[in-house]
Amino acid sequence: MPDVDAIVVGAGPAGAAAALELARAGRSVYLLERGPFPGSKNMYGGVVYGRILDTLVPGWWDEAPVQRWVTRRATMIMTGHQALTVDFRTESWGRPPYNGATAYRPDFDAWLAGKATDAGAVLVTSTTATGLLRDGDRVVGVRTDRPDGDLTADVVIACDGVNSFLAKEAGLYPHTDPANFTVGVKETIALPREVIDERFGVRGDHGVDYEIVGCTGDVPGGGFLYTNTDTLSVGLVLSLPALAAGGTRPEELLRRMKEHPAIAPLVEGGEVKEYSAHVIPEAGYDMMPELSCDGMLVAGDAAAMCLAAGIWLEGVNFAIGSGAAAGRAAARALQRGDTSNEGLAGYRSRLESSFVLADHRKLRDAPHLVMSDLAQRQLPGLACGVAERMFRVDNPEPKPGLRRILRQELKRNGVKVRDVVSHSLRALRTFG
Amino acid sequence: MSAGTYPEISFEARMGSVEFRIDEDRAHITVDDTKCRDCSTRGCITACPANLFVPTADGGILFNYEQCFECGTCYLVCNREGAITWTYPEGGHGVVFHRT
Amino acid sequence: MQVAACVKWVDLRPEVDRVHGTVRSVGGPGGAGWGISEADRAAVEVALQLGAVWSAPVAVVCAGPVGAEPVLRELLAAGVDRVVRVDTGADQPSHAAAVELAAVLSAGQLGADVVVCGDHSADRGSGTVPAFLAHHLGAAQALGLVRVEPVAGGRVRAVRRLDGGRREVLEAAVPMVLSVEGSVAELRRAPLAATLASGGREVEVRPGRPAHHVEPPRTRPWRPPPRVVPAPAGDHALDRVVQLTGALVERNPPRTVELAPAAAAREILDQLRTWGYLGADGE
């Protein structure tokens, strides 16, 4: 007789959602967290999109620990001294049911895990799952690092993050290629609330989220900048192989981005309150492991469910979506008394029919496109060059035609039309 | 840097902004630096965001585990099988984020 | 015999203003970053060790809000027999909480023979609570310890940190209050089964006294009272300077002697007698 119906490893958004669904289905569930509180090991570089919470926690926007509601989204393309920004704002994202919010992950994750414990899940903090307990090929529990720390269950849900040692131990990852990962670094910079409101042109609890391309020097990647109530979060996402091949160190790249004339006026005068770093499963669909085996499911970052597709940078919503699906599938399997791989197959089919796998499959090519040399270096140069020529007044010279500017700028940035066409076609297939 | 702006903080001050509950008993990273001596890339040195890996004069690698973000970059980029052994620190220890 | 540890619920990483030194906590009590300090955890471990050697029950008394209870249950799982929380409401523990702590520890309630505290709380505490408790309980105090070894019969041998890297070895006996540094011991990890079972265990709650605001007396460095010195007389500036410096006044020049300690002591006493500081019989 196992100790408990289900063990969820990791009390991040995926684990909390899984434990919440299991507890609501009347199952006994232990939610293990290796940090002293849920969220203590977690960081991200963006926005929590809460639509997935509508069914899970109705009215979530009234109680979730949100910093600001994002009503302005901007994509900035920059070169060393230029920046071209597409800036969109809508007031409708600033009122219920809202769209996205900035939040501190230690606050947000602890809140969501609190929902699971309210529903009856038992949260065990400061407890690292060090390995799997197996009976033949079947996962029957986990070993923790507490004294007498073995724990058995009918089903284990591994939500143990991007490094998921449990999924690797179960043999669900065929191999790990560093090219599939990026590392994110971030500074949280304190500024008075009024200063943030003024610099970013927002009021009250409204905020801004910038995605930035062309700011990472010799390392492929991207940047982000968003507003919290009285801090800014500024960071970079950097390709691991390029960093390892002797690229510039992360904090130096971050310093350079903060000195860029388009960014410096936004961040200057602030005090760094916290520095943080985390690895991101960048490659999405193409690096996903097997999602289940006998007695175990994998969800969230552990299953590489993180969407890093240029203008879309999402992760928390995929974690919650996959975690909730895992929780429901596990509850159904427990009800039927079959938690073998076949019994748990409902998990994959749930994900297939939801945004979690649909978005990932559709955008499977996006990470390659975004990290390509064309998107990283040549297109920012081209776009900024064209914009500069378009807006420059060369009197008494007459205005040049767009076609001529394009031809000259293509040449100046070493961009081959052939590459642009083939990339555009791929992009159209991916994003279209 | 223009006048009137704050100077960039030192790396020590940057890392000083983060809370680490250090496990005095066990290092969760170990490096077998006999394997590092014939490693030509040494990706861990530039890639580790906490700058925990330092080359030594005799060709080895000196490492620290105390201010580790537990991100996993080092073992992911390490191209010498088994040179870096990396596990999570004991429950309750290691980095504790507050504002990320 | 009853062993007790005293812990405080604090923000483990408060913000300290670099200019004014004021301490501000981020988020209210019960926030994610709150807990009990390393020194307090060491105090609980020392209490558990003392309890094991003397076969005495171990209690933990904590000043904190209801949000502290999950952490206190962790202590129950680690082997503490009883936990009493002095309820400080939603506020941070105040000076009044220390009075309540002393009441809970006193003979009427818990009757603690040994109280172990952390030496400082993490929120820039002054480290005065242990001494305060010792005063209220009429107990011996051994504060700022870096090592504690239990000896049979309710005695401990302890090592205390002094200035200049020196150490003081001392022995104390019940009733006593000890305060320990965080490095003394690491709190043992609770077994998994006990951790899982601790969710249902009870934390006793005592109401805290309403915090009344007391303005602490202002303290200043001691300054000697001024002494009026008459201006030197003399018509010429040189005369006045000579008078001020006492350059031409006759005086006994200092005498340097090198003697064995006993002879030196005798010499000093003789000299003091000639100056009239001592009577002829050495009184």
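Keep in mind that this is a model prediction, so the values were computed, not measured. (Residues numbered from 1 in each chain as written. Chains lettered and ligands numbered in written order. Predicted model: local features only at pLDDT ≥ 70, side-chain atom pairs only at ≥ 80, totals over all residues. Heavy atoms only, no water.)

What to know about the overall build of chain B
(1) Moving on: Across its full length, chain B holds three helices and six strands.
(2) Moving on: Starting at the N terminus and ending at the C terminus, chain B contains elements arranged as α-β-β-α-β-β-α-β-β.
(3) Moving on: Projecting the C-alpha coordinates of chain B onto the three principal axes gives extents of approximately 50 × 35 × 20 Å.
(4) Moving on: Within the span of chain B, comprising 100 residues, buried residues form 53% of the whole.
(5) Moving on: Contacts spanning at least 24 positions in sequence make up 65% of the contacts within chain B whose residues lie at least 6 apart.
(6) Moving on: Carbon and sulfur atoms make up 53% of the accessible area of chain B, which amounts to about 4,500 Å² in all. (Helix = DSSP H or I, 4+ residues; strand = E, 2+ residues; numbered from the N terminus. Buried < 20%, exposed > 50% of the residue type's maximum accessible area, 1.4 Å probe, protein only. Contact = heavy atoms within 4.5 Å. Areas by Shrake-Rupley, 256 points an atom, 1.4 Å probe, with all protein chains shown as cover.)

Looking at the overall build of chain A
(1) Moving on: Helix and strand counts for chain A stand at 16 helices and 19 strands.
(2) Moving on: The C-alpha atoms of chain A give 23 Å as radius of gyration, which agrees with the globular expectation for 432 residues (22 Å, within 12%).
(3) Moving on: Overall size of chain A, expressed as C-alpha extent along the three principal axes, is 90 × 45 × 40 Å.
(4) Moving on: Counting only residues that meet the buried cut, chain A has 59% of its 432 residues in that class.
(5) Moving on: Of the charged side chains in chain A, 47 are positive and 53 negative; the average position of the first set lies 8 Å away from that of the second. (Rg over C-alpha atoms; globule rule 2.2 N^0.38 Å. Lys, Arg positive; Asp, Glu negative; His and termini not counted. Charge placed at Lys NZ, Arg CZ, Asp CG, Glu CD.)

Focus on the interface of chain A and chain B
(1) Moving on: Across the contact, 50 residues belong to chain A and 42 residues belong to chain B.
(2) Moving on: Buried surface at the junction of chain A and chain B, summed over both partners, amounts to about 3,900 Å²; 55% is from carbon and sulfur atoms.
(3) Moving on: Linking chain A with chain B are three salt bridges, by the criterion used here.
(4) Moving on: A salt bridge links Glu187(A) to Arg14(B), with the shortest nitrogen-to-oxygen separation between them at 2.5 Å.
(5) Moving on: Across the contact surface, chain A and chain B share 22 residue pairs in polar contact (both at pLDDT 80 or more).
(6) Moving on: Of all elements in the fold, only α4 (105-118), α5 (165-169), β11 (181-190), α7 (240-244), α8 (250-259) and β15 (271-281) of chain A reach the threshold of two or more residues within the side of chain A that touches chain B.
(7) Moving on: Taken together, the residues of the side of chain A that touches chain B sort by class into 20 nonpolar, 14 polar and 16 charged. (Buried area = accessible area lost by both parts, 1.4 Å probe. Salt bridge = Lys/Arg side-chain N within 4 Å of Asp/Glu carboxyl O. Polar contact = N/O pair within 3.5 Å; in protein donor to acceptor, adjacent residues only side chain to side chain. Nonpolar A, V, L, I, M, F, W, Y, C, P; charged D, E, K, R; others polar.)

Considering the sheet that holds strand β13 (residues 204-207) of chain C
Residues and elements named next belong to chain C.
(1) Moving on: One open sheet holds the nine strands; their spatial order is β11-β10-β9-β12-β8-β1-β6-β7-β13, and the pairing between them is mixed. At either end of the open sheet lies a strand with only one pairing partner, and these are β11 (167-173) and β13. Taking the axes of each pair of neighbouring strands and ignoring which way they run, one obtains an average angle of 35° across the sheet.
(2) Moving on: Relative to β11, strand β10 (residues 155-161) runs antiparallel, the two sharing seven bridges. Across the sheet, Arg155 pairs through a bridge with Ala173, a residue of β11. (Pairing = 2+ DSSP bridges. Axes fitted to C-alpha atoms, helices over the stretch in contact; angles between N-to-C directions.)

Considering the nonpolar core
(1) Moving on: Of all hydrophobic cores here, the largest spans 160 residues; its most connected members are Phe108(A), Val142(A), Leu225(A), Met296(A), Tyr347(A), Phe53(B) and Phe69(B).
(2) Moving on: If you tally residues by element for this core, the top one is helix α10 (residues 316-336) of chain A, at 12 residues.
(3) Moving on: Here this core spans two domains, and each of domain 1 (4-42 + 105-174 + 289-361) and domain 2 (68-102 + 176-286) of chain A adds at least three residues to it.
(4) Moving on: Leave out the neighbours within four places in its chain, and Phe108(A) touches Val48(A), Leu53(A), Ala64(A), Pro65(A), Ala103(A), Val316(A) and Ile320(A).
(5) Moving on: Ranked by size, the runner-up nonpolar core spans 39 residues in total, among them Leu48(C), Val60(C), Leu145(C) and Ala185(C). (Core = buried A, V, L, I, M, F, W, Y, C linked by side-chain atoms within 4.5 Å. Domains from an automatic or database assignment.)

Comments concerning the side chain of Ser276(A)
(1) Moving on: Of note, Ser276(A) is situated in strand β15.
(2) Moving on: In this structure Ser276(A) comes out as buried when scored by relative accessible area, which is 0%.
(3) Moving on: If near-sequence neighbours (up to four positions away) are discounted, Ser276(A) is found in contact with Met43(A), Gly184(A), Val185(A), Lys186(A), Phe69(B), Phe97(B) and Thr100(B).

With respect to the packing of aromatic side chains
(1) Moving on: Summed over the entire model, instances satisfying the criterion amount to 20 aromatic pairs over all chains.
(2) Moving on: Judged by centre distance (6.1 Å) and plane angle (25°), the ring pair of Phe69(B) and Phe97(B) falls under stacked. Taken together, the positions of Phe69(B) in the loop between β4 (61-63) and α3 (73-77) and Phe97(B) in the segment after β6 (94-96) put the pair 28 residues apart, joining distant regions of the chain. Residues Phe69(B) and Phe97(B) agree in their burial class; the two are buried.
(3) Moving on: An aromatic cluster is present here, built from Trp60(A), Trp61(A), Trp69(A) and Tyr98(A) joined pairwise through their rings.
(4) Moving on: In this structure, Arg14(B) is placed above the aromatic ring of Tyr275(A), and the distance from its NZ or CZ to the ring centre is 4.6 Å. (Phe/Tyr/Trp six-rings, centres within 6.5 Å; stacked < 30°, edge-to-face > 60°. Lys NZ or Arg CZ within 6 Å of the ring centre and 35° of its normal.)

Considering the interface of chain C and chain A
(1) Moving on: Taken together, the contact pairs 11 residues of chain C with 17 residues of chain A.
(2) Moving on: Carbon and sulfur atoms make up 56% of the surface buried where chain C meets chain A, a total of about 1,200 Å² over both sides.
(3) Moving on: Considering only the side of chain C, the residues that lose the most area to chain A are Arg189(C), Leu192(C) and Leu196(C), jointly responsible for 54% of the buried surface there.
(4) Moving on: Asp145(A) is paired through a salt bridge with Arg189(C); the nearest N and O atoms lie 2.9 Å apart.
(5) Moving on: Counting across the chain C and chain A interface gives four residue pairs in polar contact (both at pLDDT 80 or more).
(6) Moving on: Sort the elements by how many residues they give to the side of chain C that touches chain A and helix α5 (residues 192-197) of chain C lands first, with three residues.
(7) Moving on: Tallied by class, the residues present in the side of chain C that touches chain A amount to five nonpolar, two polar and four charged.

Overview of the domain arrangement of chain A
By convention, interface size is frequently given as the accessible area that disappears when the constituent parts associate.
(1) Moving on: Segmentation of chain A into domains returns domain 1 (4-42 + 105-174 + 289-361), domain 2 (68-102 + 176-286) and domain 3 (372-431).
(2) Moving on: Here the C-alpha centroids of domain 1 of chain A and domain 3 of chain A sit 46 Å apart.

Here's the deal with the pairing of strand β8 (residues 129-135) of chain A
Residues and elements named next belong to chain A.
(1) Moving on: The sheet contact formed by β8 and strand β9 (residues 138-144) spans six bridges and is antiparallel. When the bridges of β9 are listed, Leu133 appears paired with Gly141.
(2) Moving on: Counting the residues in the hairpin turn of β8 and β9 gives two residues, including Gly136, whose phi is positive at 65°.

Considering the environment of Arg412(A)
All names here are of chain A.
(1) Moving on: Mapped onto the elements of the fold, Arg412 is located in helix α15 (residues 402-412).
(2) Moving on: Take Arg412: its relative accessible area is 56%, and that puts it in the exposed class.
(3) Moving on: Through-space distance from the C-alpha of Arg412 to that of Arg34 is 52 Å; in sequence the pair is 378 residues apart.
(4) Moving on: Each residue touching Arg412, except ones within four places of it in the same chain, is listed here: Gly381 and Gly385.

Some words on the packing of helix α1 (residues 13-24) of chain A against α10(A)
Residue and element names in this part refer to chain A.
(1) Moving on: At a minimum axis distance of 7 Å, the contact between α1 and α10 shows a crossing angle of 30°. Considering the angle they form, α1 stands roughly parallel to α10. Helix-helix and strand crossings are classified by hand; for α1 and α10 the assignment is right-handed. Contacts between α1 and α10 involve Pro13, Ala14, Ala17, Ala18, Glu21 and Leu22 from the former and Val316, Ala319, Ile320, Gly323, Ala324, Gly327, Arg328, Ala330, Ala331 and Leu334 from the latter.
(2) Moving on: Its residues assigned to classes, the contact of α1 with α10 shows 12 nonpolar, two polar and two charged. (Parallel < 35°, antiparallel > 145°, perpendicular 65-115°, else oblique. Left-handed = near helix turned anticlockwise from the far one by under 90°.)

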